[in-house]
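Examination of the molecular architecture
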Amino acid sequence: MIDEQFHIPKVSINQWNAEKYLTIDVRSPLEFEESSLPNAVNVPIFNNEERVKVGTAYKQLGKAVAIKLGLAIYSKKITEIFDTILKLKEQHPNEKVVIVCARGGMRSSTIASTLNMLGMHCYQLDGGFRSYRKLIMDKLENYSAFIKRFFIVSGNTGTRKTVVLQRLKQEGYPIIDLEGLAAHRGSAFGGIGLKARTQKQFDALLVEELEIHQNSPYIIIESESKRIGNIIVPDFIIHGKKAGINIELLHPLEQRVQHLIETYQPNKYGQEVFEAFLAIKKRMQVDIANEIEVLLKTQQYERAFEMLLTTYYDPQYNHASLHYHQINHQIQFTDVNEAVEGVKNVIAKYEYQFSTCEGMA
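Keep in mind that this is a model prediction, so the values were computed, not measured. Along each chain, the written sequence defines residue order, and numbers are assigned to residues from 1. In keeping with the predicted nature of the model, local features appear solely for residues at pLDDT of at least 70, side-chain atom pairs appear and are counted solely at 80 or more, and the whole-chain, interface and lining totals rest on all residues. Computation of side-chain values covers all heavy atoms of the structure but excludes hydrogens and water.

Our next topic: the overall build of the chain. Numbering of helices and strands runs from the N terminus, with a helix taken as a DSSP run of H or I at least four residues long and a strand as a DSSP run of E at least two residues long. Each helix and strand in the chain was counted, giving 15 helices and 11 strands. Counting only C-alpha atoms and orienting by the principal axes, one finds that the chain spans roughly 75 × 55 × 35 Å. Buried residues in the chain amount to 47% of all 361 residues. In these tables, accessible area is a Shrake-Rupley quantity obtained with a 1.4 Å probe, and a residue counts as shielded only by the protein chains included in the view. A total of about 18,900 Å² of accessible surface is found on the chain, and carbon and sulfur atoms cover 52% of it. Charge counting treats Lys and Arg as positive and Asp and Glu as negative, with His and both chain ends excluded. Note on charges: their place is set at NZ of Lys, CZ of Arg, CG of Asp or CD of Glu. Positive and negative charge centroids in the chain, built from 42 and 42 side chains respectively, lie 6 Å apart. Per-residue accessibility, obtained with a 1.4 Å probe over protein chains only, is compared with the maximum for each type, and a residue is labelled buried under 20%, exposed over 50%, and partly exposed between these values.

Have a look at this one:
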């Protein structure tokens, strides 16, 4: 018979709720940074270096040695960990405490049993973070089975596509900003000034957006490739893009250049801009690449960006466009308000038709 004092009650991922539970993630800081449950707080049992040591001991010397090493490290932190969680509990008196580790194993059970012995009733997330990750992937799989129509906002680099999407989102349109979710703008220069998200973070945020718009008959996205930085976009979105209604934005070259200057801030991120250029230099015509390199080194950024557009990005975009056979609408604009209204007018032509189709739910 199990002594109830040492029995650790478990919560399944389907029972778990970010608002109902004070979620304490005891994985290492690096694991937590890669992805975590919404609203979780990191109270690591091991720091990054300690986790590596315990993992190495497990592989080289066996489970018993690793457990002994882990307990030796943990024993020195019990008081600190308990005090930290106690203070968090005082700040969230109406929330039940649930402890999370990678798989619902040793780390979370050790913390949970200690807390229960010290008089703080808490739960352990059954299956740990892995169960949350599986839930996210299952939801993405489920969403992929539903027919959802897509409007795709496309255009050459610098045509303020993201700005237009943000404006539409503010007005309540069903926008999924894939670049925003990835924290990457999609090109070799796309990560400048941003901290890119991991695939696990992207997937979880995408599920949140899909749930928000699950009853909408359509979704509006920016035209993206399969990969945004290191992020892989799900196939059902790529298929939706290929079959969707394309709204192409046409913007004067000089304004596109200015937008890129404002976005990438080369006077602040000059080294990052130069390194991004070097990543694509080998794919460019030698004399053109050399000229752009000189312009970047001498901080002639407007001319450098103009040449990048006209000699590299625009030809790439034009070539890629030949492979898509979508219903296409073009909006030529100089002011963003014109682009926003133009996109809204195109959507209005199809809204009634789409509203008769089933949503995702």
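Here we come to the packing of helix α4 (residues 78–91) against helix α5 (residues 106–117). Under this scheme, a helix contributes an axis fitted over its contacting stretch, all axes are lines through C-alpha atoms, and angles between N-to-C directions fall in the 0 to 180 degree range. Orientation of α4 relative to α5, taken along the N-to-C sense of each, is 75°, at an axis distance of 11 Å. The angle between the axes of α4 and α5 places the two elements in the roughly perpendicular class. Two secondary-structure elements touch here, α4 through Ile78, Ile81, Phe82 and Ile85 and α5 through Ile111, Thr114 and Leu115. Here the residues of the contact of α4 with α5 sort into six nonpolar, one polar and no charged. Oblique is the label for every angle not falling under 35 degrees (roughly parallel), over 145 degrees (roughly antiparallel), or within 65 to 115 degrees (roughly perpendicular). Note on contacts: a residue pair is in contact if any heavy atoms of the two residues lie within 4.5 Å. Amino acids are sorted into nonpolar (Ala, Val, Leu, Ile, Met, Phe, Trp, Tyr, Cys and Pro), charged (Asp, Glu, Lys and Arg) and polar (every other residue, Gly among them).

Here the focus is the side chain of His251. Among the structural elements, His251 can be located in the loop between β10 (245–250) and α11 (253–264). Here His251 falls in the buried class, since its relative accessible area comes to 9%. Within the local environment of His251, its side chain forms a polar contact with the side chain of Arg160, the two groups lying 3.1 Å apart. The term polar contact refers here to a pair of N or O atoms within 3.5 Å; inside protein, the definition further demands a hydrogen-donor-capable atom paired with an acceptor-capable atom, and it admits residues adjacent in sequence only when both atoms are side-chain atoms.

Among the secondary structure elements, Glu209 is positioned in helix α9 (residues 199–212). Here Glu209 falls in the buried class, since its relative accessible area comes to 13%. Other than its neighbours up to four places away in sequence, Glu209 contacts Lys169, Ile175, Ile176 and Leu181.

Take the environment of Glu338 next. Here Glu338 shows up in helix α15 (residues 336–355). Overall, the relative accessible area of 41% leaves Glu338 in the partly exposed class. Residues Glu338 and Gly193, 145 residues apart in the sequence, show an inter-C-alpha distance of 29 Å. Each residue touching Glu338, except ones within four places of it in the same chain, is listed here: Ile331 and Phe333.

Ring pairs shown here join Phe, Tyr and Trp side chains whose ring centres sit within 6.5 Å, with only the six-membered ring taken for Trp; geometry is labelled stacked below 30 degrees between planes, edge-to-face above 60, and tilted in between. Counting across every chain of the model gives 10 aromatic pairs. Between Tyr21 and Tyr123 the ring centres are 6.0 Å apart and the planes differ by 85°, which places this aromatic pair in the edge-to-face class. Highlighted residues: Tyr21 in strand β2 (residues 21–25) and Tyr123 in strand β5 (residues 122–125), separated in sequence by 102 residues. On the basis of relative accessible area, Tyr21 is assigned to the buried category, the value being 6%. The class of Tyr123 is buried, set by a relative accessible area of 17%. An aromatic cluster is present here, built from Phe189, Tyr264, Phe305, Tyr312 and Tyr313 joined pairwise through their rings. The ring of Phe129 has Arg27 lying over it, and the distance from NZ or CZ to the ring centre is 4.3 Å. Both a distance and an angle decide whether a charge sits over a ring: NZ of Lys or CZ of Arg must be within 6 Å of the ring centre and within 35 degrees of the ring normal.

Further remarks concern the sheet that holds strand β1 (residues 10–11). Strand pairing is assigned whenever DSSP identifies at least 2 bridges connecting the two strands. With respect to topology, five strands assemble into an open sheet ordered β1-β5-β4-β2-β3, the strand pairing being parallel. Either end of the sheet is taken by a strand with one partner, and the two such strands are β1 and β3 (41–42). Bridge analysis of strand β4 (residues 96–100) against β5 gives three bridges, and the strand direction is parallel. Each bridged residue has a counterpart across the sheet, and for Val97 the counterpart in β5 is Cys122. Each of β2, β3 and β4 touches α4; the most contacted strand, β2, lies at about 155° to it.

Estimates place the volume of the largest pocket at around 1,200 Å³. Residues are called lining when one of their atoms sits within 4 Å of a cavity or pocket point, these points coming from a 1 Å grid over the protein atoms alone, where a cavity is a set in which a 1.4 Å probe fits but cannot get out and a pocket is an open set with protein on both sides within 12 Å along at least five of seven lines. The wall of the largest pocket is formed by 49 residues, among which Lys161, Glu179, Glu222, Ser223 and Glu224 lie closest to the centre. At the level of elements, β6 (149–155), α7 (161–170), α8 (178–182), α10 (235–243), β10, α11 and α14 (301–321) are the ones that each hand at least two residues to the lining of the largest pocket. At six residues, the largest contribution of residues to the lining of the largest pocket is made by α14. Of the residues in the lining of the largest pocket, the class split is 14 nonpolar, 22 polar and 13 charged. One number sums up the size of the second largest pocket: a volume of about 850 Å³. Residue lining of the second largest pocket: 28 residues in total, with Phe46, Val54, Arg103, Met106 and Arg107 positioned closest to the centre. Going through the elements one at a time, α1 (29–34), α2 (48–61), α3 (63–75), α5 and α6 (128–144) are the ones with two or more residues in the lining of the second largest pocket. Grid points are joined across faces, edges and corners, and a volume is the space filled by probe spheres set on the points.

With that settled, the discussion passes to empty space enclosed by the protein. Taken as a whole and judged by the stated rule, the model has one cavity of 30 Å³ or more. In this structure, the largest cavity occupies an estimated 100 Å³ of space. Along its surface, the largest cavity is lined by Thr157, Ser187, Phe189, Leu260, Tyr264, Phe305, Leu308, Leu309 and Tyr313. Mapped by element, the contributors of at least two residues to the lining of the largest cavity are α11 and α14. Of the residues belonging to the lining of the largest cavity, the class tally is seven nonpolar, two polar and no charged.

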